[in-house]
Amino acid sequence: MNKHAIAGILNEIGVLLELKDENLFKVRAYHAGARALETLEEDLDTVIAEGRLQGIKGIGEALAKKITELQATGRLEFFENLKAATPPGLVEMLEIPGLGAKKIKALHAQLGISSIEDLARACAEGRVAALDGFGQKTQENLLAGIRNREAYGRRHLWWEAFRAAEPILRGLRALPQVRRAEHAGSLRRGLETVGDLDFLVAAEEWAPVVQWFVSRPEVAEVTAKGETKASVRFTSGLQADLRIVPPDQFVFALHHFTGSKEHNVQMRQRAQARGLSLSEWGLVRAEGEGTAKEKAGAKRGGVGVGPGSIQTETALFAALGLHDIPPELREGLGEIEAAELGGFPRLVEAGDLRGVFHNHTTASDGRNSLAEMVAGAQARGWEYFGVADHSQASFQANGLDAARLRKQIADIAALNRSGRYQIHVFAGVECDILPDGRLDLDESVLRELDYIVVSVHSAFSQSETEMTARIIRAIEHPRTTMLGHLTGRLLLKREGYAVDVAKVIDAALANRVAIELNANPQRLDMDWRHWRAAAGRGLLCVINPDAHDVAGLDYVRAGINAARKGGLTAAQVLNTHGLSEVRKYLITKNPMAGAVGVKT
Ligand code: DGT
Ligand code: CA
Ligand code: CA
Ligand code: ZN
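Every value quoted in this text rests on a predicted model; they were computed, and no experiment measured them.

Here is what the cut-offs are and how they apply
- Residues numbered from 1 in each chain as written.
- Chains lettered and ligands numbered in written order.
- Predicted model: local features only at pLDDT ≥ 70, side-chain atom pairs only at ≥ 80, totals over all residues.
- Heavy atoms only, no water.
- Salt bridge = Lys/Arg side-chain N within 4 Å of Asp/Glu carboxyl O.
- Domains from an automatic or database assignment.
- Donors = N, O, S within 2.8 Å, 3.2 Å for Na, K, Ca; no water.
- Helix = DSSP H or I, 4+ residues; strand = E, 2+ residues; numbered from the N terminus.
- Buried < 20%, exposed > 50% of the residue type's maximum accessible area, 1.4 Å probe, protein only.
- pLDDT = per-residue confidence, 0-100.
- Contact = heavy atoms within 4.5 Å.
- Axes fitted to C-alpha atoms, helices over the stretch in contact; angles between N-to-C directions.
- Parallel < 35°, antiparallel > 145°, perpendicular 65-115°, else oblique.
- Left-handed = near helix turned anticlockwise from the far one by under 90°.
- Nonpolar A, V, L, I, M, F, W, Y, C, P; charged D, E, K, R; others polar.
- Pairing = 2+ DSSP bridges.
- Expected span 1.5 Å × (residues − 1).
- Arc of directions from axis to C-beta.
- Right-handed = clockwise from strand over helix to strand, strands pointing away.

Notes on the pattern of salt bridges
Here is step 1 of the chain: Under the counting rule described, the total for this entry stands at 33 salt bridges.
Here is step 2 of the chain: Residue Glu-22 pairs with Lys-26 through a salt bridge whose shortest N-O separation is 3.7 Å.
Here is step 3 of the chain: Put simply, Arg-52 and Glu-50 hold a salt bridge, and the shortest N to O gap is 2.7 Å.
Here is step 4 of the chain: Ionic contacts of the salt-bridge type, sharing partners, join the residues Glu-192, Arg-489, Asp-527 and Arg-529 into one network.

Here is the structure:
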């Protein structure tokens, strides 16, 4: 077991102990131990092998024994027993925003609440507000948190859905009966959350395909099974539909099941206005009323629109007098009107990216070292890589003060000069926007950096007016290069803080500050719905993975999705531009930008 997994378990132990009402010193010792492991710069296996674990600050004898056991066996008896002794309902309550171990303990002791359902009832009956340290406002927030959890519980992050879908799609394509297979639905449209997966297959023989699909090892339940379709629920809770069609219907079915519903309704109306009828089976002349007839017509290749003439979605759109519409734009938000007037520009693609800016290392709360992150970025074929660790106010993320930041700048300079990597490393920071809108670091150190990402990480409950003024003040700082995760939302978990997005966009435009499209699958912030109009006015987007480890660099794929949904072209995204173009942009904020470690 690696140190991050072990740290995770130590934190869990801390929480479980607190729920059990253990002495707070003991509780804190586990959290401190977890932090010590997370920030350990050396290799844990080496430290243990050399018997030096106990000497590390924050790790005493008892903790060292437990860490060693976890590292060697991946299990810890003490933890297993502790988990078994804690009511699962109490642990689940930790998922409600605003509920920590302390409050859960109070609810349990004073009202006998031991599950989320108990809590919902107690809130509805007003019993929680009456408790010491709770009050009316807390009770309302808890109830809202429970409702959110119910509403969100049924959807999944695009990234999770994508990762679950990929191997199934590959498996389907490898079956001898399968001619074509695609995923459809919200996953293909690149929506930030996905209700269920939709697979579409063209095959002449159906039974073996259905059988293969329902017998995947990750299937927990087969909820429907027919001749040409099946629905399953995976152990992860994600559900998936499979539909099989004859090859000549594939393109119509693909378009239909890609949706969205709103897009489909508008497409059908458009077909009707032209005397045609569009369905999942085909595009036929509307004269033959009735589905069965349509279906038969479509099976012969589509009456009236040229037998077999429609083999691609592009041809399908063309048959209705439309330019091609990329799946990401099919939300019924005016894309059909736009496709009538002209073609869409080529949208940004993953291969367009030449680098990324907002990334963390072990210097703050990242899990890979500077060198590991740089090597990872280089392996992805990028030209440049920006390091933006947290600043001092984010103490929970081990943020850097001026002295530590200067040390990192020197490390980056040395790395650039060493010639060890072809990729250029930019020195930046993710600087906290303090509650009053000032930046967390002084000008004297800010001007030594190539760029500055400014982000809100505290005082989330400010009013919309305060928060908007706060962010705008940070944007107006002469050294600010880009704004990080504009609303702070965590999809399916936490709403963003209240902020007037339109005013922030105006300020970013006025100050020529880029806004980040944070590509972390939980964030995708600023939301795609704002991008088209803003970029049309000249707002520069930067797609950042906010990576905390090397694997996190791949999140850019989720960001590209969101950017495409926002209609962005490569030119509108800063980090599709080459190194010299990017430098030109960065020096508008700091004449010394791009100079760290560059020989002059
Ligand atoms: P989701 O799964 O909630 O994230 O969203 P979708 O868009 O994947 O929806 P889903 O799985 O219910 O259906 C897949 C597609 O099938 C949907 O995008 C459009 C099409 N579709 C399903 N039901 C209807 C319907 O009642 N009318 C129309 N026009 N299209 C439908
Ligand atoms: Ca779906
Ligand atoms: Ca579905
Ligand atoms: Zn951040």
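Past the structure itself, the notes keep going.
Looking at the domain arrangement of the protein
Here is step 1 of the chain: Each domain of the protein was delimited in the assignment, giving domain 1 (3-152), domain 2 (156-245), domain 3 (256-341) and domain 4 (350-587).
Here is step 2 of the chain: Computed over C-alpha atoms, the centres of domain 1 and domain 2 are 37 Å apart.

With respect to the coordination of the zinc ion (ligand 4)
Here is step 1 of the chain: Coordination of the zinc ion (ligand 4) by the protein comes from Glu-430 (OE), His-457 (NE2) and His-485 (NE2), over a distance range of 2.1 to 2.3 Å.
Here is step 2 of the chain: If you list the donors of the zinc ion (ligand 4) from N- to C-terminus, the spacing comes out as E-x26-H-x27-H. Here His-457 is found in the loop between strand 13 (451-455) and helix 21 (464-476), whereas its partner His-485 is found in the loop between strand 14 (482-483) and helix 22 (501-510), with 28 residues between them in sequence. For the pair His-457 and His-485, a shared accessibility class is recorded, and that class is buried.

Looking at the confidence of the model for the protein
Here is step 1 of the chain: Averaged over every residue, the pLDDT of the protein is 92; residues scoring 70 or more account for 96%.
Here is step 2 of the chain: Predicted confidence is poor over residues 299-304, with pLDDT under 50, and the contacts of this stretch with residues over four places away or in other chains come to 15 contacts.

Considering the packing of helix 1 (residues 3-19) against helix 4 (residues 61-73)
Axes are the key here: two packed helices are described by the angle between their axes and the distance separating the axes.
Here is step 1 of the chain: It is at 10 Å that the axes of helix 1 and helix 4 come closest, and there the two elements cross at 130°. By the angle class used here, helix 1 and helix 4 are oblique. The two elements helix 1 and helix 4 cross, and the hand of that crossing is right-handed. Where helix 1 approaches helix 4, its residues Ile-6, Ile-9 and Leu-10 are matched on the opposing element by Leu-63, Ile-67, Leu-70 and Gln-71.
Here is step 2 of the chain: Looking at the contact of helix 1 with helix 4, its residues break down into six nonpolar, one polar and no charged.

So, the sheet that holds strand 7 (residues 239-245)
Here is step 1 of the chain: The strand order across the open sheet built from five strands is 2-4-7-6-5, with neighbouring strands paired in mixed fashion. Each edge of the open sheet carries a strand with a single partner, namely strand 2 (178-183) and strand 5 (219-225). Between one strand axis and the next, the sheet turns through 20° on average, direction left out of account.
Here is step 2 of the chain: Note that strand 2 and strand 4 (residues 196-203) share five bridges and pair antiparallel. Looking at strand 4, one finds that Arg-180 is bridged to Ala-202.
Here is step 3 of the chain: Relative to the sheet, helix 10 (residues 158-174) contacts strand 2, strand 4, strand 6 (229-234) and strand 7, its axis offset from that of strand 2 by approximately 175°.
Here is step 4 of the chain: Set on the sheet, helix 12 (residues 207-214) makes contact with strand 2, strand 4, strand 5, strand 6 and strand 7; between it and strand 7 the angle comes to about 170°.

Focus: helix 4
Here is step 1 of the chain: Helix length check: helix 4, at 13 residues, gives a terminal C-alpha distance of 18 Å against a target of 18 Å (1.5 Å per residue), a fit within 8%.
Here is step 2 of the chain: Buried within helix 4 we find Leu-63, Ala-64, Lys-66, Ile-67, Leu-70 and Gln-71. Summarising the axial view, the buried residues of helix 4 lie within an arc of 165°, below the 170-degree limit, and thus occupy one face. Of the exposed residues in helix 4, the ones pointing more than 90 degrees away from its buried face are Glu-61, Lys-65, Ala-72 and Thr-73.
Here is step 3 of the chain: Considering only its buried residues, helix 4 is in contact with helix 1, helix 2 (24-38), helix 3 (44-49) and helix 5 (77-85).

Brief notes about the pairing of strand 13
Here is the key point about a regular strand: its side chains alternate between the two faces of the sheet.
Here is step 1 of the chain: Judged by how many residues are buried, strand 13 sits mostly within the fold: five of five residues are covered.
Here is step 2 of the chain: Here strand 13 shows no split at all, with Tyr-451, Val-453 and Ser-455 on one side and Ile-452 and Val-454 on the other all buried.
Here is step 3 of the chain: Sheet topology note: the strand 12 (residues 424-432)/strand 13 ladder contains five bridges and is parallel. Bridge assignment links Val-429 to a residue of strand 13, and that residue is Ile-452.
Here is step 4 of the chain: Two strands pair when backbone bridges link them, and strand 13 and strand 14 are joined in this way by two bridges, in the parallel orientation. Note on strand 14: the bridge partner recorded for Val-454 is Leu-483.
Here is step 5 of the chain: For the crossover that starts at strand 13, traverses helix 21 and ends in the parallel strand 14, the hand is right-handed.

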